[in-house]
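Spelled out from the first residue to the last, the chains are:
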Amino acid sequence: MIGERLAILLEDRGWSQAELARRVGITPQSIGKLARGESQGSKHLHRIAALLETSPDYLMGDTDNPHPGHAPDKKVPFKLDPAEVADRTLEIPVIDLAYGMGGTYLDDVDANVRSEPFPLSFIRRYTKAKAEDLVIADGLGDSMAPTIGSNDQMLIDRSVDTLRVADQIWAFSFGGVGMVKRLRPRPDGSIAILSDNSAVPEDRAVDEELFLIGRVVAIVRKV
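Residue numbers restart at each chain and count upward from 1, following the sequence in its written direction. Only residues with pLDDT of at least 70 get local features here, since the model is predicted, and only at 80 or more are side-chain atom pairs given and counted; chain-wide, interface and lining totals rely on the full set of residues. As a convention, hydrogens and water are excluded, and side-chain values are obtained from all of the structure's heavy atoms.

(A) Structural detail: the overall build of the protein chain. Along the protein chain, the regular secondary structure elements total 7 helices and 10 strands. We call a residue buried when its accessible area falls under 20% of the maximum for its residue type, exposed when it is over 50%, and partly exposed in between, using a 1.4 Å probe and counting protein chains only. For the protein chain, buried positions account for 39% of its 223 residues. As displayed, the protein chain offers around 12500 Å² of accessible surface, 51% of which is attributable to carbon and sulfur atoms. Here a strand is any run of E in DSSP of at least two residues, a helix any run of H or I of at least four, and the numbering for each starts at the N terminus. Here the Shrake-Rupley method, with its probe set to 1.4 Å, supplies the accessible areas, and only the displayed protein chains count as covering residues.

Quick look at the structure:
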(Lines give C-alpha, C1' and ligand atoms only; values in the text may rest on other atoms or scores of the structure.)
Protein backbone atom coordinates (compact mmCIF):
# COMPACT_ATOMS: atom_id res chain seq x y z
CA MET A 1 0.00 0.00 0.00
CA ILE A 2 2.64 2.54 1.05
CA GLY A 3 4.75 1.84 -2.04
CA GLU A 4 1.85 2.40 -4.45
CA ARG A 5 0.80 5.63 -2.76
CA LEU A 6 4.36 6.92 -2.63
CA ALA A 7 4.69 6.28 -6.37
CA ILE A 8 1.47 8.18 -7.12
CA LEU A 9 2.39 11.19 -4.97
CA LEU A 10 5.93 11.35 -6.34
CA GLU A 11 4.57 11.21 -9.88
CA ASP A 12 2.15 14.05 -9.12
CA ARG A 13 5.05 16.25 -8.03
CA GLY A 14 7.53 15.10 -10.62
CA TRP A 15 9.95 13.99 -7.90
CA SER A 16 12.26 11.01 -7.92
CA GLN A 17 12.80 8.83 -4.87
CA ALA A 18 16.24 10.41 -4.54
CA GLU A 19 14.73 13.90 -4.48
CA LEU A 20 12.29 12.94 -1.73
CA ALA A 21 15.13 11.38 0.26
CA ARG A 22 17.17 14.58 -0.08
CA ARG A 23 14.29 16.70 1.18
CA VAL A 24 13.60 14.37 4.11
CA GLY A 25 17.29 14.09 4.96
CA ILE A 26 17.59 10.31 4.68
CA THR A 27 19.25 7.93 2.24
CA PRO A 28 17.63 7.03 -1.11
CA GLN A 29 17.87 3.40 0.00
CA SER A 30 15.45 4.11 2.86
CA ILE A 31 12.88 5.57 0.47
CA GLY A 32 13.51 2.69 -1.92
CA LYS A 33 12.64 0.13 0.75
CA LEU A 34 9.34 1.92 1.43
CA ALA A 35 8.58 2.15 -2.29
CA ARG A 36 9.25 -1.58 -2.82
CA GLY A 37 7.24 -2.60 0.23
CA GLU A 38 10.31 -3.95 2.03
CA SER A 39 9.61 -1.52 4.91
CA GLN A 40 6.07 -0.96 6.15
CA GLY A 41 6.87 2.14 8.19
CA SER A 42 9.50 4.71 9.12
CA LYS A 43 10.24 7.09 11.98
CA HIS A 44 10.40 9.74 9.25
CA LEU A 45 6.88 8.99 7.98
CA HIS A 46 5.42 12.25 9.32
CA ARG A 47 8.14 14.25 7.55
CA ILE A 48 7.60 12.29 4.32
CA ALA A 49 3.83 12.84 4.52
CA ALA A 50 4.26 16.58 5.18
CA LEU A 51 6.51 17.02 2.16
CA LEU A 52 4.04 15.13 -0.01
CA GLU A 53 1.16 17.20 1.42
CA THR A 54 -0.67 14.20 2.76
CA SER A 55 -0.97 12.29 6.05
CA PRO A 56 0.81 9.25 7.48
CA ASP A 57 -2.62 7.58 7.69
CA TYR A 58 -3.03 7.91 3.93
CA LEU A 59 0.43 6.52 3.22
CA MET A 60 -0.20 3.56 5.52
CA GLY A 61 -3.63 2.83 4.01
CA ASP A 62 -5.66 3.79 7.08
CA THR A 63 -7.62 6.31 5.03
CA ASP A 64 -8.35 6.78 1.34
CA ASN A 65 -8.45 10.56 1.72
CA PRO A 66 -5.01 11.97 0.83
CA HIS A 67 -5.62 15.39 2.41
CA PRO A 68 -3.57 16.07 5.56
CA GLY A 69 -5.46 16.23 8.84
CA HIS A 70 -8.18 13.85 7.68
CA ALA A 71 -9.22 11.30 10.29
CA PRO A 72 -8.72 7.62 9.47
CA ASP A 73 -11.67 6.00 7.73
CA LYS A 74 -13.52 2.96 8.92
CA LYS A 75 -12.40 0.17 6.68
CA VAL A 76 -14.94 -0.24 3.89
CA PRO A 77 -13.64 -2.58 1.17
CA PHE A 78 -13.17 -0.94 -2.24
CA LYS A 79 -14.98 2.25 -1.28
CA LEU A 80 -13.13 4.52 -3.70
CA ASP A 81 -14.30 7.74 -5.25
CA PRO A 82 -14.77 7.06 -9.02
CA ALA A 83 -13.08 10.39 -9.79
CA GLU A 84 -10.07 9.33 -7.73
CA VAL A 85 -9.89 6.04 -9.60
CA ALA A 86 -9.95 7.91 -12.92
CA ASP A 87 -7.06 10.08 -11.76
CA ARG A 88 -5.01 6.96 -11.15
CA THR A 89 -5.49 5.30 -14.51
CA LEU A 90 -4.16 6.02 -17.98
CA GLU A 91 -6.17 5.46 -21.12
CA ILE A 92 -3.76 3.73 -23.48
CA PRO A 93 -4.45 2.72 -27.08
CA VAL A 94 -4.44 -1.04 -27.62
CA ILE A 95 -3.45 -2.04 -31.14
CA ASP A 96 -4.29 -5.53 -32.36
CA LEU A 97 -2.58 -5.58 -35.73
CA ALA A 98 -0.23 -2.62 -36.15
CA TYR A 99 2.93 -4.20 -34.78
CA GLY A 100 3.13 -7.81 -35.89
CA MET A 101 5.97 -9.91 -34.62
CA GLY A 102 5.97 -11.86 -37.83
CA GLY A 103 5.51 -8.72 -39.95
CA THR A 104 2.13 -6.96 -40.13
CA TYR A 105 1.62 -3.87 -42.29
CA LEU A 106 1.17 -0.51 -40.58
CA ASP A 107 -1.52 0.80 -42.95
CA ASP A 108 -4.98 1.72 -41.63
CA VAL A 109 -3.85 1.58 -38.00
CA ASP A 110 -6.71 3.75 -36.72
CA ALA A 111 -9.28 1.15 -37.71
CA ASN A 112 -7.74 -1.35 -35.31
CA VAL A 113 -7.27 0.80 -32.23
CA ARG A 114 -9.27 0.64 -29.03
CA SER A 115 -8.44 2.29 -25.73
CA GLU A 116 -8.33 0.68 -22.29
CA PRO A 117 -7.56 2.02 -18.79
CA PHE A 118 -4.41 0.78 -17.08
CA PRO A 119 -3.45 1.51 -13.45
CA LEU A 120 -0.99 4.38 -13.22
CA SER A 121 1.00 2.55 -10.55
CA PHE A 122 1.49 -0.40 -12.93
CA ILE A 123 2.60 1.77 -15.84
CA ARG A 124 5.03 3.75 -13.69
CA ARG A 125 6.91 0.58 -12.79
CA TYR A 126 8.23 0.54 -16.34
CA THR A 127 8.19 4.06 -17.76
CA LYS A 128 7.62 7.71 -16.90
CA ALA A 129 6.42 8.50 -20.42
CA LYS A 130 3.24 10.51 -21.00
CA ALA A 131 0.07 8.61 -21.85
CA GLU A 132 0.11 9.90 -25.43
CA ASP A 133 3.53 8.29 -25.93
CA LEU A 134 2.37 4.83 -24.87
CA VAL A 135 0.63 2.05 -26.74
CA ILE A 136 -0.27 -1.53 -25.92
CA ALA A 137 0.20 -4.01 -28.75
CA ASP A 138 -0.98 -7.60 -28.97
CA GLY A 139 1.62 -10.20 -29.83
CA LEU A 140 1.35 -11.94 -33.19
CA GLY A 141 3.34 -14.90 -34.41
CA ASP A 142 6.08 -16.86 -32.66
CA SER A 143 9.30 -15.21 -33.83
CA MET A 144 9.93 -13.78 -30.34
CA ALA A 145 8.99 -16.96 -28.45
CA PRO A 146 9.48 -17.80 -25.67
CA THR A 147 10.00 -14.18 -24.55
CA ILE A 148 6.76 -12.96 -26.14
CA GLY A 149 3.86 -15.25 -26.95
CA SER A 150 1.03 -14.73 -29.40
CA ASN A 151 -1.41 -14.06 -26.55
CA ASP A 152 0.83 -11.61 -24.68
CA GLN A 153 0.57 -7.84 -24.72
CA MET A 154 3.47 -5.39 -24.98
CA LEU A 155 3.75 -1.92 -23.48
CA ILE A 156 5.58 0.24 -26.02
CA ASP A 157 7.16 3.56 -25.06
CA ARG A 158 7.15 5.76 -28.16
CA SER A 159 9.03 8.59 -26.43
CA VAL A 160 12.18 6.47 -26.80
CA ASP A 161 13.31 6.78 -30.40
CA THR A 162 17.08 6.34 -30.32
CA LEU A 163 18.92 3.02 -30.31
CA ARG A 164 21.56 3.34 -27.58
CA VAL A 165 21.69 -0.10 -25.95
CA ALA A 166 22.12 -3.33 -27.92
CA ASP A 167 19.71 -6.26 -27.76
CA GLN A 168 16.71 -4.43 -26.31
CA ILE A 169 13.30 -5.24 -27.79
CA TRP A 170 11.85 -2.62 -30.13
CA ALA A 171 8.75 -2.03 -32.22
CA PHE A 172 9.83 -0.72 -35.61
CA SER A 173 9.03 -0.48 -39.29
CA PHE A 174 11.33 -2.31 -41.70
CA GLY A 175 10.54 -2.05 -45.38
CA GLY A 176 6.99 -0.86 -44.59
CA VAL A 177 6.37 -3.83 -42.29
CA GLY A 178 5.81 -3.50 -38.55
CA MET A 179 7.91 -5.80 -36.39
CA VAL A 180 8.91 -6.43 -32.78
CA LYS A 181 12.46 -7.79 -32.47
CA ARG A 182 15.74 -7.29 -30.68
CA LEU A 183 18.04 -4.76 -32.34
CA ARG A 184 21.84 -4.76 -32.26
CA PRO A 185 23.95 -2.02 -33.93
CA ARG A 186 26.87 -3.37 -35.96
CA PRO A 187 30.30 -1.71 -36.39
CA ASP A 188 29.66 -1.24 -40.13
CA GLY A 189 26.62 0.99 -39.37
CA SER A 190 24.00 -1.66 -40.08
CA ILE A 191 21.52 -2.98 -37.50
CA ALA A 192 21.05 -6.67 -36.80
CA ILE A 193 17.40 -7.71 -36.41
CA LEU A 194 17.27 -10.63 -34.00
CA SER A 195 14.49 -13.04 -33.04
CA ASP A 196 14.41 -14.92 -29.73
CA ASN A 197 13.08 -17.95 -31.62
CA SER A 198 16.23 -19.79 -32.73
CA ALA A 199 14.42 -21.09 -35.81
CA VAL A 200 14.05 -17.56 -37.22
CA PRO A 201 17.21 -16.33 -38.99
CA GLU A 202 18.86 -12.97 -38.31
CA ASP A 203 18.02 -10.10 -40.64
CA ARG A 204 19.89 -6.84 -41.17
CA ALA A 205 18.87 -3.25 -41.93
CA VAL A 206 21.10 -0.81 -43.81
CA ASP A 207 20.86 2.69 -45.28
CA GLU A 208 18.10 3.95 -42.97
CA GLU A 209 15.73 1.11 -43.92
CA LEU A 210 14.61 0.83 -40.30
CA PHE A 211 12.29 3.32 -38.56
CA LEU A 212 12.02 3.04 -34.77
CA ILE A 213 8.49 3.27 -33.36
CA GLY A 214 9.23 2.69 -29.68
CA ARG A 215 10.87 0.40 -27.17
CA VAL A 216 9.03 -2.51 -25.57
CA VAL A 217 9.30 -1.73 -21.84
CA ALA A 218 6.98 -4.42 -20.45
CA ILE A 219 5.33 -7.69 -21.45
CA VAL A 220 1.94 -8.57 -19.99
CA ARG A 221 1.36 -12.31 -19.99
CA LYS A 222 -2.21 -13.56 -20.14
CA VAL A 223 -2.98 -16.62 -18.04
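(B) Up close: unusual backbone geometry. A cis amide bond links Ala145 with the next residue in sequence, Pro146, at an omega value of 5°. On the secondary structure map, Pro146 appears in the loop between strand S4 (134–138) and strand S5 (153–157). Non-glycine residue Glu53 carries a positive phi angle of around 55°. Looking at the secondary structure, you find Glu53 in the loop between helix H4 (45–51) and helix H5 (56–60). Its relative accessible area of 57% is what places Glu53 among the exposed residues. Positive phi is not limited to glycine here, since Asp167 has a value of about 70°. Its place among the elements puts Asp167 in the loop between S5 and strand S6 (168–174). Asp167 gets classed as partly exposed once you look at its relative accessible area, which sits at 29%.

(C) Up close: the packing of aromatic side chains. Pairing of aromatic rings covers Phe, Tyr and Trp, the last counted by its six-membered ring, and requires centre-to-centre distances within 6.5 Å; plane angles under 30 degrees mean stacked, over 60 mean edge-to-face, and any other angle means tilted. What the rule picks out here adds up to 1 aromatic pair. Lysine and arginine charges are scored as sitting over a ring when NZ or CZ, respectively, is within 6 Å of the ring centre and within 35 degrees of the ring normal. Taking the ring centre of Tyr58 as reference, the NZ or CZ of Arg5 above it sits at 4.2 Å.

(D) Spatial organisation of the packing of helix H2 (residues 17–24) against helix H3 (residues 28–35). Between H2 and H3, whose axes approach to 8 Å, the crossing angle comes to 120°. Taken together, the axes of H2 and H3 are oblique relative to one another. Viewed along their axes, H2 and H3 form a crossing whose handedness is right-handed. Taking contact as the criterion, the partners of Gln17, Ala18, Leu20 and Ala21 in H2 are, on H3, Pro28, Ile31, Gly32 and Ala35. A class-by-class count of the residues in the contact of H2 with H3 yields 6 nonpolar, 2 polar and no charged. With axes taken as lines fitted to C-alpha atoms, and helix axes fitted only over the stretch in contact, angles between N-to-C directions fall between 0 and 180 degrees. Here the angle decides the label: under 35 degrees means roughly parallel, over 145 means roughly antiparallel, 65 to 115 means roughly perpendicular, and every other value means oblique. Crossing handedness is defined as follows: a turn of the near helix away from the far one that is anticlockwise and smaller than a right angle gives a left-handed crossing, while the clockwise case is right-handed. Should any heavy atoms of two residues lie within 4.5 Å, those residues are counted as being in contact. Under the grouping applied here, Gly and all other residues not named as nonpolar or charged are polar, the nonpolar ones being Ala, Val, Leu, Ile, Met, Phe, Trp, Tyr, Cys and Pro and the charged ones Asp, Glu, Lys and Arg.

(E) Broad picture of a negative patch on the surface. The grouping of Asp203, Asp207, Glu208 and Glu209 at the surface amounts to a negative patch. Structurally, Glu209 is set in the loop between strand S9 (203–205) and strand S10 (210–220). What makes Glu209 partly exposed here is its relative accessible area of 38%. Only residues whose relative accessible area exceeds 30% and that form no salt bridge are eligible for patches; like-charged ones are grouped when within 9 Å, while nonpolar side chains (Val, Leu, Ile, Met, Phe, Trp, Tyr) are grouped when within 5 Å. Salt bridges are counted wherever a side-chain nitrogen of Lys or Arg sits within 4 Å of a carboxyl oxygen of Asp or Glu. Think of it this way: Lys and Arg go in the positive column, Asp and Glu in the negative one, and His and the chain ends go nowhere. Where a charge lies is defined by one atom per residue type: Lys uses NZ, Arg uses CZ, Asp uses CG and Glu uses CD.

(F) Examining the pattern of salt bridges more closely. According to the stated counting rule, one finds 10 salt bridges in the structure shown. One salt bridge in this structure joins Glu11 and Arg124, with 3.3 Å as the shortest N-O distance. Taken together, the residues Glu11 in helix H1 (residues 2–13) and Arg124 in the loop between helix H7 (120–123) and S4 connect sequence positions 113 residues apart. Ionic pairing is found between Arg186 and Glu202, a salt bridge with its closest N-O pair at 3.1 Å. Of the two residues, Arg186 sits in the loop between strand S7 (177–185) and strand S8 (191–194) while Glu202 sits in the loop between S8 and S9, which places them 16 residues apart along the sequence. Of the residues examined, Arg186 reaches a relative accessible area of 24% and is grouped as partly exposed.

(G) Fine view of the nonpolar core. To form a nonpolar core, buried Ala, Val, Leu, Ile, Met, Phe, Trp, Tyr and Cys residues must be joined to one another through side-chain atoms within 4.5 Å. Leu6, Leu20, Ile48, Leu52 and Leu59 are the most contacted members of the largest nonpolar core, which has 18 residues in total. Sorting the residues of this core by element identifies H1, H2, H3, H4 and H5 as the ones contributing at least two each. Leave out the neighbours within four places in its chain, and Ile48 touches Leu6, Leu20, Val24, Ile31, Leu34 and Leu59. Ranked by size, the runner-up nonpolar core spans 13 residues in total, among them Leu90, Ile92, Phe118 and Leu134.

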